[in-house]
Amino acid sequence: MKTKLLGLILVFSGIALAQNNLLQITGQIHDKKSNEALVGAVVNVKGTTIASTTNGDGKFVLKTAFKFPFTLLVSYSGYDTQELLIESEKTDLKFQLNPQVLLINEVVVSASRTEESILKSPVAIDKLDIIAIRETPAPTFFDALENVKGVQMTTGSLNFKVPNTRGFNSPNNFRFTQLVDGIDIQSPTLGMALGNTIGPNELDIKSVEIIPGSSSALYGVNSINGLSNSFTKNPFLYKGVSVYQRTGVNHINDNDHGLSFFSESAFRIANTFGKTNRWAYKLNAAYFQGIDWVSSNITDQNAYNLTSSNPNFPAFGQGSTNPANDAWNKYGDESNNNNPITVTYKGKQQTFNVRRTGFMEKDLVNPVVKNIKLDGALHYKLNQKTEISYKYRYGLMNGVFQRGNKIQLNDATLQNHAIEVKGEALVIHAYTSIENTGNSYNLKPLADNLDLTFKTNKDWNAAYKNTLQTALNNGVDLVTANQQARASADAGRYLPGSTVFNNTKNTIIGINNWDHASLVKDAPLTGGAALWQRSRLYNTDVQYDLSKYTSNFVDVLVGADGRLYDVIPDGNNFVDFSKPLADRNTPGGKDIYYGKVGGFVQATKKVLNDNLKFVGSLRYDKNFAFDGKFNPRAAVVYTFLKQHNVRASYQSGYRFPALFEALSFVNNGGVRRVGGLPMVNDGLGFLNNSYTKVSIDNFSNAVNNDIANGISKNNAVLKEKALLQIANLQQLQPEHIQAFDVGYKSVLFKNKLVIDLDAYYNIEKGFLGQVEVSVPTTGPVGTDSSAFDMYNKNKQSKYRVYTNANNTYYSYGSALRLSYNFYKTFSISGNLSYNNLKAQTANDIFITGFNTPKYAANIQFGNRDLFNNFGFNIVWKWQDSFKWESPLATGIVPSYYTFDAQVNYKFTKQNTLVKLGGTNILNRRYFQYAAGPTIGALYYISITYDLKFTEKKKINEQ
C-alpha cells in the first residue's frame, strides 16, 4: 500500500517509480526568446537509445529503468543543446533553448568515429545541419556541399555532381568516399558514388559531415581526397508524415535548349509501434525529372596537343578549319580516329592528319534526366543501449556520367541492403550493393561505330584523298580543299535526327562489343556501345569502444572491416581472365573477385583538465592483389582561454586501385583500355615492349616533315626513330599520400564570431592514371622494324594502361571560414580556399591533372527569422580560372561567379514551409571542367509539409 501511494505522489511530481521500476520523466521545452513550444525537440538519456520527442504543446514523457545518476540531452535543430544531470527525483522539468544563429557547439562523429565537439576535432571537418540545409539557396542538400569551405563540386549532369577537396579532381572521383549512415554508397564497377542517386532525399536528411583531405587512416579504401558522411533521421526521434514538392525552370535564354521545366517530389513517413514502442519504421520515396544541361563546347583539343594535329601546316589553324580537329564535346574525332592522307601538294608528297567527322554529344544523349529513389528502414531497440536496424535503398538514374569517356546512364540501378547494430560501445555494419547499368551506353564507341557503319575508314579515306588531290590540282587553297574533301567523303552520312541515324544508333547501343569488323578481326559488322555491367559489393565493418575498460589511462577504439567485389564478366569491360586471350571477349565465364580486409586501433588521451588531447591511430589494410599497408595517424588538439582551439596532425595513407583501374579489359576503337594487375597484362607485352603515344606522335610528325622535304620514307623513319620513347611501365601499386594538417577554430565575442582556419601539405607518390602505349608487332622495341611499325598504325597494338606516375607530387593549400552574427539574427559568412601544386622539373609518363582552381570563395548573407517565420539567404560564389587536364579533354576553365538566393516562409499552423529560390540567378553561363556541360540559371519553388506524430501518454517506454 505504501509503495502504491509513493508511486502516485511521484507521478504527480514529474518523475515516477512504478511497480516495474520505471522512472518517468516529464517536462516542457520552449524557445527562450519567444516562449513558443518547440514541437519535435529530442530528449534522450546520454549514451543510450532511450529517447522521446515533444508534442504539439512542447511537452514530453520519457520512461526508463536507467539508474541514477544519468544525463539528459535536450536538442532541437537551430538551437543550443542542453545537458542536465539527473541524480534524484525532481519536479516537472522545464527547458528553454537559445536559438543558434551560428553553428557553435556542434557534435561530429566522422573525424574520430566517436562523438566529439567540432571545435576540438583532431582534423579539419565541416557540418551542415537541418537548419543550414533548409536555409541554403541550393536546390538540394547535396548541391549545398558546394558552399562548404574547401569543397569543389564538379557538375556532370543536372542531377549528378561529384564532390572533391584539396586537388586532383575528376568527374569520376575514385579518391573521395561518400557514406550514408556510415555505409559506402558507391557503384562497384563504376568505382564511385553516382552523386546522391541512392542517398537521402530532402525529407530524411539530418546532417552532413565533410572531412577535406585524407581520411584513410580510419576509413581506408578510397578516402584519400576526402569523405562525406550523410546522417538520416532516426524514426524513433523523427516521427510523422512529410511531403515535398519542388518545381522549377532552367535553360532560360539558352542557345542549346529551349525553356525547360523540372520537378522533384518526395515523401517520408516514420513512426513507432508495438506495446512498448520498441519498434520503429520509416519509408522514403523521391522522383526527379528534368532536362539536362547541354555539353556543346567545340574548343579544339589540339590547341593543347599540337603533336597530334598538323603542326607543319599553320594555315589550318585550330578549330573547324583543321582536318584533325578534336572538339571537346564531339565524339569520333579523337586520335584513334586519325587517318593520315598523303597527296601531292606543291610538288611534294605531303601527309595530313585527318580525323573522321564524328558527332556532337548533344546528338548522342537523351536530354531527359531522372532519378527514382526508394528507401526504408525497420528499427528495433534490443535494450536501453542497443538498437538493431535493417535498411534498404534503391536508386534508378538516367543521366550523363563521365569515366574515361562520357556514358549515357539509362535505367541504371543500384540497390543496397544493410544491417546495423548500434550500441553504447559497439557498431556493426553488414551490407551489400547490387549494381545493374541497365541500357546504358558509351558515347565514344557509339560515335565511332555510327561513322564506321556508314563508311569504313578505307572507303572514307579513298573518297577524301581523291577529292583533296583533285581540288589541289585545280589550285584550290589548302583549307578549302580539305573542306571539300570532307564533304565528299561524308556524302550520304547519317544525319542526327534522321530515321537511319536513329535506327542505327538504337542497333549500336544494343550491342555489347565496341569494336567494328573493319578495325578488329571477328568483331561484329556493326560495332556496339552498350555498357552492360553487373556487380555486387559485400562489406562488413565493426568497431568497439574499449574506453570503459581503459579510460583510467586512455580511451581506445578498435575496428575491423572486410570488402569483396563480385563482377559478372560481360566480355567487354570485364572478362574471365582464365580464358585464353583470344576468347576473353565473350560474355560469361567465371566471376571476378577483388577484395580487401583491414583493421585499426585508435587511442585518445586528454590531460590538463581536458584542454590537451592526443590522438593516435594505426590502420592496416590488405588487398589480396597487393602487399599489406600500414596507415598511421597522429594528432594533437590544444584548447586555451576556453575559446581557442589549435590542432596539428600527420597521417600516411594508401589507396588501392579501384575495380576498373585494376581489372578492366575494354576494347574500344582499336585501343584496348586495361587494368594494371598482372593477370590483365600477362601476355600483352606492353610493360617493357611498348612506346608512349606522345613520342609516337612526335616521331610521326617528324617523319612526315622529312618526307615533305624530299627524304624517302624508309630513310625518314630510321632518321627519326630516336624520338620514340620506350614506356617501361611499372607494375601497378597502390597510391601513397603523406598528409600534414594544421588548424585553428575559435568562437569569439559572446558567440558572435566563428573562425575556422586550416592548412595542409601533401606528398603523393605512385599517383594512378592512364598512359597510352603501342606494342610493335614485327620486332621488339629499339629495333628498326619496331620503328616502321610505329609509322603504320595497322602494325601496332594499342593499349591505354592504368599505371603509376613516376614523379612525386607536392600539393599545399589553406581554407578559411569566418561567420559573424552581427545584428539580432542577421549573419554573414565567407569562405576562401587556396590550393596549389608544386611545379615539376620533368614531364611524367601521363598527365596527373590537379584540376583545381588556385583560389575559390563564397560569401553568404541571410536571416532565418527576419520577421515572424520569414527568412532569406543570398550566396555569392567565385572561383579562379585553371587548367583542366584529362584523357577526354584538356583546356582552360575560365573563372566565373554566380549569385544564388532564396526566401522562405513557414506557415506554422499548417506545418508547411514555402521556399522560392534560384541558383546562378543572373544567368551567367559557365562550365566547371573541360568538356563539361554549360550551366545556366535555375529557378524553383518548393513546398514542404511536415506533420509530426506525438504520443500523449507513452513515449518510447522501455
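Here, every reference points to the structure presented above.
The residue count restarts for each chain, going from 1 along the sequence in the order it is written. Restriction of local features to residues with pLDDT of at least 70 applies here, the model being predicted, together with a cutoff of 80 or more for giving and counting side-chain atom pairs; totals for whole chains, interfaces and linings are based on all residues. Computation of side-chain values covers all heavy atoms of the structure but excludes hydrogens and water.

### Describing the overall build of the chain
Put simply, the rule is: Where helices and strands are cited, they refer to DSSP runs of H or I of at least four residues and of E of at least two residues respectively, numbered from the N terminus. Restricting the calculation to C-alpha atoms gives the radius of gyration, and the globule rule supplies 2.2 Å times the number of residues raised to the power 0.38. Under the scheme applied here, a residue whose accessible area is under 20% of the maximum for its type counts as buried, over 50% as exposed, and between as partly exposed, the area being computed with a 1.4 Å probe on protein chains only. Throughout, a residue-residue contact means that at least one pair of heavy atoms, one from each residue, lies within 4.5 Å. Each accessible area value is a Shrake-Rupley result obtained with a 1.4 Å probe; residue values ignore everything except the protein chains displayed when judging cover.
On a plain count of helices and strands, the chain comes out with 13 helices and 51 strands. On C-alpha atoms alone, the chain measures out to a radius of gyration of 31 Å, which is about the 30 Å that the 2.2 N^0.38 rule sets for 958 residues. Taking all 958 residues of the chain together, the buried fraction comes to 60%. The contacts of the chain with a sequence gap of at least 6 include a subset with a gap of at least 24, amounting to 66%. Total accessible area on the chain stands at roughly 37500 Å², and carbon and sulfur atoms take up 56% of it.

### Considerations on the nonpolar core
Our working rule: Buried Ala, Val, Leu, Ile, Met, Phe, Trp, Tyr and Cys residues that are joined via side-chain atoms within 4.5 Å together make up what is termed a nonpolar core.
Leu663, Phe686 and Leu729 are the most contacted members of the largest nonpolar core, which totals 54 residues. Grouped together as the second largest cluster of nonpolar side chains are 44 residues, Val354, Phe359, Leu888 and Val893 included.

### Here's the deal with the pattern of salt bridges
Using the following cut-off: Definition used for salt bridges: Asp or Glu carboxyl oxygen within 4 Å of a side-chain nitrogen of Lys or Arg.
Under the defined criterion, the tally for this structure stands at 44 salt bridges. One salt bridge connects Arg175 with Glu764, and the closest N-O pair in it is separated by 2.7 Å. Taken together, the residues Arg175 in the loop between β13 (160–165) and β14 (177–180) and Glu764 in strand β40 (residues 753–765) connect sequence positions 589 residues apart. Note on accessibility: Arg175 and Glu764 belong to one class, buried. Here Asp204 ties to Arg268 by a salt bridge, and the two come within 2.7 Å at their closest N and O atoms. Placement of Asp204 in the loop between β15 (183–184) and β16 (205–212) and of Arg268 in strand β19 (residues 260–273) is noted, with a sequence separation of 64 residues between them. With respect to class, Asp204 is no different from Arg268; both count as buried. Taken together, the salt bridges that share partners define one network made up of Asp126, Lys149, Arg166, Arg647, Asp741, Asp756, Asp758 and Arg817.

### Re unusual backbone geometry
Note on backbone geometry: most residues besides glycine have negative phi, and most peptide bonds are trans. One non-glycine residue, Asn728, adopts positive backbone phi at about 50°. Along the polypeptide, Asn728 turns up in the loop between α12 (713–720) and β39 (735–748). We classify Asn728 as exposed; its relative accessible area is 51%. Non-glycine residue Lys750 carries a positive phi angle of around 55°. Relative to the assigned elements, Lys750 resides in the loop between β39 and β40.

### A short note on helix α4 (residues 443–454)
We apply this condition: For a helix, the expected span equals 1.5 Å multiplied by the residue count minus one.
The terminal C-alpha atoms of α4 lie 17 Å apart, and with twelve residues this matches the ideal 16 Å at 1.5 Å per residue to within 8%. In terms of burial, α4 is a largely internal element, eleven of the twelve residues being buried. Every buried residue of α4 is listed here: Leu443, Lys444, Pro445, Leu446, Ala447, Asp448, Asn449, Leu450, Asp451, Leu452 and Phe454.

### Re the packing of aromatic side chains
Note the following rule: Here is the rule: rings of Phe, Tyr and Trp (six-membered ring for Trp) pair when centre to centre is within 6.5 Å. Planes less than 30 degrees apart are stacked, more than 60 are edge-to-face, and the remainder are tilted. Whether a charge sits over a ring comes down to the Lys NZ or Arg CZ being within 6 Å of the ring centre and within 35 degrees of the ring normal.
Counted according to the given criterion, the structure contains 46 aromatic pairs. Here Trp328 and Phe927 contribute two aromatic rings whose centre-to-centre distance is 5.8 Å and whose plane-to-plane angle is 85°, an arrangement assigned as edge-to-face. Of this pair, Trp328 sits in the loop between β20 (279–291) and β21 (330–331) while Phe927 is found in the loop between β50 (912–919) and β51 (938–948), placing the two residues 599 residues apart along the sequence. With respect to class, Trp328 is no different from Phe927; both count as buried. Feature note: the residues Tyr820, Phe822, Tyr823, Phe826, Phe861 and Phe872 constitute an aromatic cluster, connected by ring pairs. Above the ring of Tyr219, the side-chain terminus of Arg113 is found at 4.7 Å from the ring centroid. Its end group placed over the ring of Phe359, Arg493 keeps NZ or CZ at 3.9 Å from the ring centre.

### Re the sheet that holds strand β36 (residues 665–668)
Counted only if it meets this: Think of it this way: DSSP has to see at least two bridges between two strands before they count as a pair.
Read across the sheet, five strands follow the order β36-β37-β42-β41-β38 without closing on themselves; strand pairing throughout is mixed. Of all strands in the sheet, those with a lone pairing partner are β36 and β38 (691–692), marking the two edges. Note that β38 and strand β41 (residues 768–776) share two bridges and pair antiparallel. Among the inter-strand pairings, Thr692 is bridged to a residue of β41, identified as Val773.

These results come straight from atomic positions and should not be treated as a statement about function.
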